[in-house]
Amino acid sequence: MPDNTRRARDESFWRTFADRYDVQPGPINLENGYFGRMSRTVVEEYQRNIELINRSNSVYVRQRFEASDGLKIRAQVAELIDVPAEAVALTRNASDGLQSLIRNYNRLQPGEQVLICDLEYDTVKGAMRWLARHRGVEVIEIEHRHPASFDSLLTTYRDAFERYPRLRLMALTHVTHRTGLVMPVQAIAAAAREHGVDVILDGAHALGQLEFDLEELGIAFAAYNLHKWVGAPLTLGFLYIAPERLSDIDPDMGEMHFPITDIRARTPYSTPNIPALLTLPLVLEEHWAMGGAAAKGMRLNYLRNLWVRAAHELPGIDVLTPDDPRLYCGITSMRFAAHNDQQLMVEQLLNDYNLFTVMRSGAACGPCIRITPGLTTTAADMAQLITALTELS
Ligand SMILES: Cc1ncc(COP(=O)(O)O)c(C=O)c1O
């Protein structure tokens, strides 16, 4: 058994790991998809960096951060996804990166089409609809079949590519925040390429829990945050543009602080959260020390499978992600089949079972309850969820 597989089920290892995090007493948090926790050492380092920047102010920032330390940090971020530093521009979060890529993509002609599906993040949907108003393109909105399979997802896209020959650009979400479905990115991007469609990948939930190689996936444009599964302070993200495609994304709104050949011109020039950025080296050191996305993803999948296997035996529970290991990760949504109001069930899970979850709507398959274990979640927490589902179903 490979190390990560054995470690994923080793509760005593994860208890020791969890001891490095401060957790407020209260409900069992099964809504770790919003953002991740920082370890105690990261919090302390962040506090030190806030004090440092407050004391040294622009003297440190202008003399050292801009010319040297900030560049080293960007290079470390690029190493996370194994791309050159010059292919990465730091942003405040995934949304900023995605919006920059969408609004500055310069290959659209009026009358052409762009594609989104029901599972995209609302900010991405909004940005693509904005393109319609400002570039004179048409937005094609498709829905995925439920239950989804590798083939159904690919077929839905292939059908859209055939049906809408004026498609030039599409959004694709690596891990959807609605149901946790993991998209077969490589196969979809290959089909898109055959039809001359560019892909902007929303990687917000992928980084830190999935292993991937953007070149292998065939992705030229992507955006990420570092505050979900990497464990960084809030307000950190980045966008990626394959160097040979840089000229397809314009500088952001006439941005001129960097030359046109510099990816940093693709984001608004602004004062970043420097203390948070300075904390990144320690965040990344801890991320790698614990095995990176491979180890984190394996643990999250293990916890997910504990409750999902039990839920499959319960007649009143629909699990919304398939069991094909290519299509799921730690986040998975479900619904109580006999209940119309899933929000009421979220409240019941909290009030009667001390379980904190979140309702998600917007997927064509209907409203659901998203269950997201985190790295401090235990097998006992999952047992509590199984008890709740068994009694409520
Ligand atoms: C799929 C997806 N895309 C984009 C985002 C936006 O990420 P951020 O909050 O870093 O802007 C989120 C946040 O939850 C998300 O789940």
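Cut-offs applied
Residues numbered from 1 in each chain as written. Predicted model: local features only at pLDDT ≥ 70, side-chain atom pairs only at ≥ 80, totals over all residues. Heavy atoms only, no water. Core = buried A, V, L, I, M, F, W, Y, C linked by side-chain atoms within 4.5 Å. Buried < 20%, exposed > 50% of the residue type's maximum accessible area, 1.4 Å probe, protein only. Helix = DSSP H or I, 4+ residues; strand = E, 2+ residues; numbered from the N terminus. Domains from an automatic or database assignment. Contact = heavy atoms within 4.5 Å. Polar contact = N/O pair within 3.5 Å; in protein donor to acceptor, adjacent residues only side chain to side chain. Salt bridge = Lys/Arg side-chain N within 4 Å of Asp/Glu carboxyl O. Pairing = 2+ DSSP bridges. Axes fitted to C-alpha atoms, helices over the stretch in contact; angles between N-to-C directions. Buried area = accessible area lost by both parts, 1.4 Å probe. Nonpolar A, V, L, I, M, F, W, Y, C, P; charged D, E, K, R; others polar.

Engineer: Please clarify how the nonpolar core should be interpreted in this entry.
Structural biologist: In a soluble, globular protein the nonpolar side chains are often hidden away together inside. Of all hydrophobic cores here, the largest spans 103 residues; its most connected members are Tyr157, Met170 and Leu226. The element best represented in this core is helix H3 (residues 40–80), accounting for 10 residues. Counting contributing residues per domain, this core is built from domain 1 (3–30 + 292–392) and domain 2 (48–286), each supplying no fewer than three. Once you skip the residues sitting within four places of it in the chain, Leu226 turns out to touch Val77, Leu80, Leu207, Gly231, Ala232, Leu236, Gly237, Phe238 and Leu280. In this structure, Leu30, Val308, Met334 and Leu392 belong to the second largest nonpolar core, which totals 25 residues.

Engineer: Would you mind going over the side chain of Thr332 with me for this structure?
Structural biologist: If you trace the backbone, Thr332 turns up in strand S10 (residues 332–336). On the basis of relative accessibility, which here comes to 0%, the residue Thr332 falls in the buried class. Side-chain polar atoms of Thr332 contact the side chain of Arg304, separated by 2.8 Å. For Thr332, the side chain forms a polar contact with the side chain of Thr321, separated by 3.3 Å. If sequence neighbours within four positions are ignored, Thr332 has contacts with Thr179, Arg304, Trp307, Val308, Val319, Thr321, Ile369, Arg370 and Ile371.

Engineer: Can you walk me through the pattern of salt bridges in this structure?
Structural biologist: Proximity of charged atoms lets side chains of opposite charge pair with each other. The full count for this structure, using the stated rule, is 22 salt bridges. Here Glu45 makes a salt bridge to Arg48, at a shortest N to O gap of 2.9 Å. Pair noted here: Glu45 and Arg48 are both in helix H3, with a separation of three residues, about one helical turn. By relative accessible area, which is 46% here, Arg48 ends up partly exposed. The salt bridge partner of Arg107 is Asp248, with a shortest N-O separation of 4.0 Å. With Arg107 in the loop between helix H4 (94–104) and strand S3 (113–117) and Asp248 in the loop between strand S8 (237–241) and helix H9 (274–289), this pair connects stretches of sequence that are 141 residues apart.

Engineer: It is not clear to me how the sheet that holds strand S9 (residues 317–319) should be interpreted in this structure. Could you clarify?
Structural biologist: Pairing between sheet strands relies on hydrogen bonds along the backbone, with the strands arranged either parallel or antiparallel. What the four strands build is an open sheet, ordered S9-S10-S13-S12; its pairing is antiparallel. Strands at the two margins of the open sheet, each flanked by one partner only, are S9 and strand S12 (358–360). Each strand of the sheet is rotated relative to its neighbour by a mean of 40 degrees, with strand direction disregarded. Two elements, S10 and strand S13 (residues 368–371), share three bridges in a ladder whose sense is antiparallel. Paired with Thr332 across the bridge in S13 is Ile371. Against the sheet, helix H11 (residues 342–353) contacts S10, S12 and S13, and its axis sits at roughly 40 degrees relative to S13.

Engineer: How should I be thinking about the domain arrangement of the protein in this particular structure?
Structural biologist: Interfaces are often sized by the amount of accessible area the parts lose when they come together. The domains assigned to the protein are domain 1 (3–30 + 292–392) and domain 2 (48–286). Inter-centroid distance (C-alpha atoms) of domain 1 to domain 2 is 27 Å. Interface of domain 1 and domain 2: buried area, both sides summed, is about 2100 Å²; carbon and sulfur atoms make up 62% of it. The interface formed by domain 1 and domain 2 holds zero salt bridges in total. Here domain 1 is connected to domain 2 by nine residue pairs in polar contact (both at pLDDT 80 or more). No other element matches the five residues that helix H10 (residues 292–312) contributes to the side of domain 1 that touches domain 2. Taken together, the residues of the side of domain 1 that touches domain 2 sort by class into 14 nonpolar, nine polar and six charged.

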